[in-house]
Amino acid sequence: SRQRQQYSDMKEGRSVMTAERVDMLNSLGFTWKLRDGYWHKMLDDLKEYKERHGDCLVPQKYAPNPPLGRWVQTQRTAYKHMLNERKQSSMTKERIFLLNKIGFVWQIKKSRSRN
């Protein structure tokens, strides 16, 4: 969107967007990065899963919500890439904090099976 582009330009010193306008858009809940909206929706789904099952160990092929199982695995992979610094990663300190806050398990033992 135009707002996102102007925000990006502002951070590089090339935009007319003001700090007041950024604050106003933030107060309205504006999503600066479109992928962040999806990420937070999946985090909410993970919180619901934890409420029902008591943990964050979503099976990769979780029938009630197949995207959730894939998303959880993607978070583990992104975290591993971030730690190894070999590949680009979408993992951020904020995301790590939010996942740790709900008891996310970063590494799963291969022999573990789900009942």
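Above this text is the structure in question.
Residues numbered from 1 in each chain as written. Predicted model: local features only at pLDDT ≥ 70, side-chain atom pairs only at ≥ 80, totals over all residues. Heavy atoms only, no water.

Visitor: In this structure, what is going on with the nonpolar core? I would like to understand it.
Guide: One broad rule of soluble globular proteins: the nonpolar side chains tend to lie buried together. Judged by nonpolar contacts, the single largest core of 19 residues is most densely connected at L46, L68, W71 and L99. For this core, the secondary structure elements donating two or more residues are helix 3 (34-53), helix 4 (66-84) and helix 5 (93-101). Per-element tally for this core: the top contributor is helix 3, with five residues. (Core = buried A, V, L, I, M, F, W, Y, C linked by side-chain atoms within 4.5 Å. Buried < 20%, exposed > 50% of the residue type's maximum accessible area, 1.4 Å probe, protein only. Helix = DSSP H or I, 4+ residues; strand = E, 2+ residues; numbered from the N terminus.)

Visitor: Hey, could you run me through helix 4 in this one?
Guide: Every α-helix carries 3.6 residues per turn, so stepping three or four residues along brings you back to the same face. Its 19 residues give helix 4 an end-to-end C-alpha distance of 28 Å, which sits within 8% of 27 Å, the value for a rise of 1.5 Å per residue. Within the span of helix 4, buried status applies to L68, G69, W71, V72, Q75, R76, A78 and H81. Downstream of helix 4 by a residue or two, E85 has a phi angle that is positive, lying close to 55°. (Expected span 1.5 Å × (residues − 1).)

Visitor: Is there a simple way to explain the environment of K47 in this structure?
Guide: Secondary-structure assignment places K47 in helix 3. Taking the C-alpha atoms as reference points, K47 and G103, 56 residues apart in sequence, are found 9.7 Å from one another.

Visitor: How should the side chain of D45 be read in this particular structure?
Guide: With respect to the helices and strands, D45 occurs in helix 3. Look at D45 and you get buried, because its relative accessible area is 12%.

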